[in-house]
Amino acid sequence: MVQRDDGRFDAVPGGAPANVAVGLARLGVDCRFLGRFGADAFGPLSRARLADAGVRLDAAVDTDRLSTMAVVALSPQGTPEYSFYLEGTADWGWTLDELPPDDPDAIHVGSLAAAVDPARTVISRHVHRLAAAGTTTVSCDPNVRPKLGFDHRSETARIVDLAGASHLVKVSDEDLAWLYPGEPVAVVVARWRRDGVDAQIIVTLGAAGSVLYRPNGAVVRVEAKPVTVVDTIGAGDAFCSATLAALSDADALGTAPKARLAALSDGDWARILAAASRAAELTCSRPGADPPSWPEWEACR
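This is a predicted model, so every value here is computed, not measured. (Residues numbered from 1 in each chain as written. Predicted model: local features only at pLDDT ≥ 70, side-chain atom pairs only at ≥ 80, totals over all residues. Heavy atoms only, no water.)

Here we take up the sheet that holds strand E8 (residues 137-141). Sheet architecture is open: six strands sit in the order E7-E8-E9-E10-E11-E12, paired in mixed fashion. At either end of the open sheet lies a strand with only one pairing partner, and these are strand E7 (106-110) and strand E12 (219-222). Ignoring which end each strand starts from, the neighbouring axes of this sheet average 15° apart. Where strand E10 (residues 200-204) lies against strand E11 (residues 210-213), four bridges are found, and the strand directions are antiparallel. Among the inter-strand pairings, Ile201 is bridged to a residue of E11, identified as Tyr213. Strands E7 and E8 of the sheet are contacted by helix H3 (residues 119-133), whose axis makes an angle of about 150° with E7. (Pairing = 2+ DSSP bridges. Helix = DSSP H or I, 4+ residues; strand = E, 2+ residues; numbered from the N terminus. Axes fitted to C-alpha atoms, helices over the stretch in contact; angles between N-to-C directions. Contact = heavy atoms within 4.5 Å.)

Of all hydrophobic cores here, the largest spans 45 residues; its most connected members are Ile123, Trp192 and Ile201. Of the residues forming this core, the biggest block, five residues, is contributed by H3. (Core = buried A, V, L, I, M, F, W, Y, C linked by side-chain atoms within 4.5 Å. Buried < 20%, exposed > 50% of the residue type's maximum accessible area, 1.4 Å probe, protein only.)

Turning our eyes to something else, we now look at the pattern of salt bridges. Tallied over the entire structure, the rule returns 21 salt bridges. Put simply, Asp290 and Arg286 hold a salt bridge, and the shortest N to O gap is 3.4 Å. Asp290 gets classed as partly exposed once you look at its relative accessible area, which sits at 26%. Here Arg286 falls in the buried class, since its relative accessible area comes to 17%. (Salt bridge = Lys/Arg side-chain N within 4 Å of Asp/Glu carboxyl O.)

So, about helix H4 (residues 152-164). Turn by turn, an α-helix covers 3.6 residues, leaving residues three or four places apart pointing in a common direction. Compared with an ideal rise of 1.5 Å per residue, which puts 13 residues at 18 Å, H4 spans 18 Å between its outermost C-alpha atoms and is within 8% of the ideal. Inspection of H4 places Glu155, Thr156, Arg158, Ile159, Val160, Leu162 and Ala163 among the buried residues, and these make up the whole buried set. On its buried face, H4 sits against E7, H3, E8, strand E9 (168-172), helix H5 (173-179) and helix H6 (185-194). (Expected span 1.5 Å × (residues − 1).)

Here the focus is the state of the cysteines. Within this structure, the stated rule accounts for zero disulfides. Here Cys140 is not disulfide-linked; the sulfur of Cys240 is the nearest cysteine sulfur, at 8.8 Å. Classification of Cys140 by relative accessible area gives buried; the value is 1%. (Disulfide = S-S within 2.5 Å.)

Put into structure tokens, the structure is as follows:
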């Protein structure tokens with residue numbers, strides 16, 4: 001539920017992984033959404049948004065529960081402030097037998113379904129299985145939600161565990177500031193390396209762009225272009241979609257994921273981050289989580 005300028009609210013289907021799926025489909029990537037839909041009016045609304053974008057829903061689950069609701073109010077600068085209605089809703093009921101047994105080229109996880117039990121435990125086991133199989137690139141965006149009152153220590157441990165099972169981690173500087181107050185980004189990355197995180201770690205810095213910390217020690221920085229911000233809803237999700245789409249274009253997803261990502265040069269990664277920034281900038285320039293289509297993205301690359 002997104003607040004309009006007149007104070008009323010619009011019902012807008014979303015959620016971080018769903019936004020990433022829509023973004024991928026709009027960029028021409030074959031993808032499916034693993035989600036649990038509510039039995040209320042919001043369930044069909046969410047299904048329609050994904051289906052209209054071309055996302056496959058053959059592995060999605062219909063439930064008898066209500067949909068999870070996020071209420072989004074915007075600051076004068078267009079920054080979203082979220083409150084959530086979670087108790088007993090559809091997202092948290094995952095069981096292992098609801099998840100598909102096959103190994104995709106890539107899987108992207110994160111946000112609340114990966115943070116709230118019982119879904120948290122089920123998704124963690126699924127991701128660790130795929131990582132151990134070595135045929136799937138695991139991507140994550142923790143998308144930290146401090147207002148939900150998570151225990152700081154256990155939430156930090158959960159995110160480190162998820163990052164440790166991933167080959168690609170996208171995290172914002174705001175996420176890291178909550179997880180490790182007062183610590184510079186480079187210090188946090190060094191801490192994660194000591195804790196066993198061997199992923200390509202992308203840190204988004206808002207208007208300052210993004211920076212990639214590679215397992216080999218290389219650092220790749222890309223500046224953001226100025227943009228007139230309507231709001232920042234879904235900007236990080238659009239960044240993830242475009243990153244994964246660019247990696248798909250480069251044949252860098254799938255079997256032997258660490259080797260595939262390591263084979264990309266720093267210049268390759270700079271172009272990927274720049275393309276991801278363009279997608280995020282386009283999303284910021286219009287209301288809501290509205291990632292770009294392929295023609296829009298190509299025009300800005």
